[in-house]
Amino acid sequence: MNRRHFVSASFQAAAGLGLAAETAAANEAIERARQAAIEALKPSRRALEHGLELHAGSLVVESYGFSPRAAPDGDAVRAAIEAGASEAELQDLQEEMSMTRCVTDPAERAEYVDAWRAAGVTCILQNAGEEGQDPLRLLKRLARFTYVTDMLPDFVRKAAEPGSIVAAKKQNRRCLYFSGNGVPLAGQWATAPEELGYVRIFFQLGIRMMHVTYNRRNMLGDGCAETADAGLSDLGRAAIAEMNRVGVIVDVAHSGWRTSLEAARASKLPMVASHTSCLALNQHIRAKPDEVIRAIVDTGGYIGICSIPQFLGRSGDIRAMLDHIDYVVKRFGADHVAIGTDVAYTSRAAAAEYKKIPPRRRSRARFEYFWPSGSLGPSSAADRTMEWTNWPMFTVGMVERGHSDADIQKILGGNVLRVAAAVLPKRA
């Protein structure tokens, strides 16, 4: 039996365990990604079969990511352009389509369901807030994903607390645990409590994790792309205290090293870098040095390892991702690592739909999105090994490298659940 047939047979054997191998085989994009990961890992038969079985039986919670993205309606976008829509309107329209057409379009909904099933993921800490501090900007994505979970409750629901994630696994459902890519600020600059009042409001709307900063400097601290690395501001310390009080996980994935370190020292509860990498293995602004990782670990938190090749270095593929997981496990312990891919499955119809959209003049990048030259490179074939639907292969890779089943289950979701429970206020 050649490797391709062996892999297919192994996935078919796991189909009854919930990995939906028949879905992967019917979707050429998922199948190509799966085969690329197999070729990179070259797992033994035992590692492959045990890894697939272990993945299917585990509670898998992504520490930061995106649920599958739909294709836009190219004709509708073209009509908006012809009607004179502004660039901001067009960007908003396309984002909304990518996030909500799984509700309104049957073909997109089928692909959305298939991607979830192929990944074997129960819950995503979902990016549900656009980068920044403006409450209205942050509200848009939150509304979109609330809409999806309201409209598709038989398949995917909003999880407000960790028990709902556990229940979703038992019920063969999926769920989203909402994260915001910024701390909402009132923008009045009167008193710290007034400025931070929206933290509680967004918590009540379902946000359970917030970025302290994105790439740039804000009023709370410096982001990872700032050369000054000036650290956490006094308002930033007040924001962390308020997040601790309300029950929001502090996330420094995009924060500068000093900001991250000072945030960890300020937090009284477990906090995280939800999607990052280890500076010891690859020099990159989005990676974290050991001193920062140790400070996060000392809070009881975790480091979520991402699937972005440029952040990982070496081969830039699934093996590099596993190297970073291994590093955190060996140096800081299996209780302090998770997986936050920071990538999304995109509908196969997307390329054809985007071709329908007329080209537009180039616009400036958003301030928060700033990336220094060389920090983001072009995509490569290595990316395919870490496609979002390859989650079962992440488990296979950890089995092949000798991690125990108990440790793998912590990495797959146990650590995220533990931190979520520790931060959420106890109800009477």
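Please read these numbers as outputs of a predicted model, since none were measured by experiment.

Engineer: Any chance you could explain the packing of aromatic side chains here in plain terms?
Structural biologist: The geometry of two aromatic rings is summed up by the distance between their centres and the angle between their planes. Counted under the stated rule, the structure contains six aromatic pairs. Ring centres 5.7 Å apart and planes at 90 degrees place the aromatic pair tryptophan 116 and tryptophan 388 in the edge-to-face group. Note that tryptophan 116 is positioned in helix H7 (residues 106-119) and tryptophan 388 in the loop between helix H18 (381-384) and helix H19 (391-400), a separation of 272 residues in sequence. For the pair formed by tryptophan 116 and tryptophan 388, the shared burial category is buried. Linked through ring pairs, Tyr112, Trp116, Phe155 and Trp388 together constitute an aromatic cluster. Between arginine 69 and the ring centre of phenylalanine 66, over which it is positioned, the NZ or CZ distance is 4.6 Å. The ring of phenylalanine 203 has arginine 208 lying over it, and the distance from NZ or CZ to the ring centre is 4.0 Å.

Engineer: Sorry if this is basic, but what is going on with the sheet that holds strand E10 (residues 337-339) here?
Structural biologist: Hydrogen bonds between backbone atoms are what pair the strands of a sheet, whose relative direction is either parallel or antiparallel. Pairing is parallel across the open sheet formed by four strands, whose spatial order is E8-E7-E9-E10. Two strands close off the open sheet at either side, each with one partner strand: strand E8 (287-288) and E10. Bridge analysis of strand E9 (residues 303-305) against E10 gives three bridges, and the strand direction is parallel. Counted as the bridge partner of glycine 304 is alanine 338 from E10.

Engineer: Would you mind going over the packing of helix H3 (residues 28-41) against helix H16 (residues 318-332) with me for this structure?
Structural biologist: For any two helices packed against each other, one specifies the crossing angle of their axes together with the interaxial distance. One way to put it is that H3 packs onto H16 with a least axis distance of 9 Å and a crossing angle of 65 degrees. Together, Ala37, Ala40 and Leu41 of H3 and Ile318, Arg319 and Leu322 of H16 make up the contact between the two elements. Taken together, the residues of the contact of H3 with H16 break down into five nonpolar, no polar and one charged.

Engineer: Help me understand the state of the cysteines in this model?
Structural biologist: By definition, a disulfide is the covalent link that joins the sulfur atoms of two cysteine residues. In this structure the tally under the stated criterion is zero disulfides. Looking at cysteine 123, it has no disulfide partner, and the nearest cysteine sulfur is the one in cysteine 175, 3.6 Å off. Take cysteine 123: its relative accessible area is 0%, and that puts it in the buried class. In this structure cysteine 224 is not part of a disulfide, and its nearest cysteine sulfur, from cysteine 306, lies 11 Å away.

The rules behind each value
- Residues numbered from 1 in each chain as written.
- Predicted model: local features only at pLDDT ≥ 70, side-chain atom pairs only at ≥ 80, totals over all residues.
- Heavy atoms only, no water.
- Phe/Tyr/Trp six-rings, centres within 6.5 Å; stacked < 30°, edge-to-face > 60°.
- Helix = DSSP H or I, 4+ residues; strand = E, 2+ residues; numbered from the N terminus.
- Buried < 20%, exposed > 50% of the residue type's maximum accessible area, 1.4 Å probe, protein only.
- Lys NZ or Arg CZ within 6 Å of the ring centre and 35° of its normal.
- Pairing = 2+ DSSP bridges.
- Axes fitted to C-alpha atoms, helices over the stretch in contact; angles between N-to-C directions.
- Contact = heavy atoms within 4.5 Å.
- Nonpolar A, V, L, I, M, F, W, Y, C, P; charged D, E, K, R; others polar.
- Disulfide = S-S within 2.5 Å.

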